[in-house]
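Single-letter residue listing:
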Amino acid sequence: MALPEVLARIEAAARRAGREPAEVRLVAVTKGRSLAEIERHVLRYGDFPLGENRIQEARPKIAAWPERTWHFIGPLQRNKVRYLRPFRLVHSVDSLRLAEALAARAAREGYRPRILLEVNVAREPQKHGFDPSGVEAAVRAVRGLEPLELRGLMTMAPLAEDPEEVRWVFRELAAMARHLGLAELSMGMSGDYEVAVEEGATLVRVGRALFEG
Ligand SMILES: *Cc1c(COP(=O)(O)O)cnc(C)c1O
């Protein structure tokens, strides 16, 4: 599937749910892909934000294309927060200590990081993210952390044969965001983005589907 087909599917899913397709943005996940692959499979179709999940891999790519919009979507250690400045949005803030470290760094550098809190909705032991029971307290704490700009929530659904099996995960994250007055919902990957859009995703993080075929 190529990027235009993914966009068409996003649009169809939005319409099925009575949503405006323009409310949903595609983040092209470019981890593991070369610049040539990214040009061929993503950038020829438009200037989409590019999602990377490892700092070491992202740094040379950003250096090559500093004018692109980069999003950070991967797990992060606190001692790496100094590398986050080039990213327009950090999807994967998964602990208060990480949020505090980023806030301290950004305050010294004088910029406002835009962040999402990652929620482990399905409580999978191997996954990162806040436990659903702790999200409200985390949001309250992070809202007090200048100069962070908290924009919304992010989740990774469990792997599922049938994306209908994880619809509840997206629905639950959307309910949390609504309850907390947060606008951005980063949810949905190659296997489940259409269901995520039906449930309210504003950002879908799609990799594999853009580069296959
Ligand atoms: C790799 C990755 C994606 C994209 O997954 P695909 O299955 O390739 O679409 C989305 N989100 C995160 C956090 C990822 O690490």
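An account of the accompanying structure is given in this report.

1. Thoughts on the pattern of salt bridges
- Within the structure shown, the criterion is met by 22 salt bridges.
- The shortest N-O distance in the salt bridge between Glu 5 and Arg 9 comes to 3.1 Å. Of this pair, Glu 5 and Arg 9 both sit in helix H1 (residues 3-16), four residues apart, which is roughly one turn of the helix.
- You can call Arg 9 partly exposed: its relative accessible area is 30%.
- Linking Glu 52 and Lys 61 is a salt bridge whose minimum nitrogen-to-oxygen distance equals 2.7 Å.
- Take Glu 52: its relative accessible area is 0%, and that puts it in the buried class.
- Here the residues in one salt-bridge network are Arg 16, Glu 164, Arg 167, Arg 171, Glu 198 and Glu 199, joined through shared partners.

2. Some points on the environment of Ala 13
- Within the fold, Ala 13 resides in helix H1.
- For the pair Ala 13 and Gly 200, spaced 187 residues apart in sequence, the C-alpha to C-alpha distance is 10.0 Å.
- In contact with Ala 13, other than residues within four places in its own chain, are Glu 194, Val 197 and Glu 198.

3. Quick word on the site of the ligand
- The environment of the ligand is formed by Val 29, Lys 31, Asn 53, Ile 73, Met 156, Met 189, Ser 190, Arg 205, Val 206, Gly 207 and Arg 208.
- In the environment of the ligand, a nitrogen atom lies 2.8 Å from a nitrogen or oxygen atom belonging to the side chain of Arg 205.
- At a separation of 2.8 Å, an oxygen atom of the ligand approaches a polar backbone atom of Gly 207.
- Protein contact buries 89% of the 390 Å² of open area that the ligand shows by itself.
- Across the shell around the ligand, the residue classes tally to five nonpolar, three polar and three charged.

About the criteria used
Residues numbered from 1 in each chain as written. Predicted model: local features only at pLDDT ≥ 70, side-chain atom pairs only at ≥ 80, totals over all residues. Heavy atoms only, no water. Salt bridge = Lys/Arg side-chain N within 4 Å of Asp/Glu carboxyl O. Helix = DSSP H or I, 4+ residues; strand = E, 2+ residues; numbered from the N terminus. Buried < 20%, exposed > 50% of the residue type's maximum accessible area, 1.4 Å probe, protein only. Contact = heavy atoms within 4.5 Å. Near = heavy atom within 4 Å. Polar contact = N/O pair within 3.5 Å; in protein donor to acceptor, adjacent residues only side chain to side chain. Areas by Shrake-Rupley, 256 points an atom, 1.4 Å probe, with all protein chains shown as cover. Nonpolar A, V, L, I, M, F, W, Y, C, P; charged D, E, K, R; others polar.

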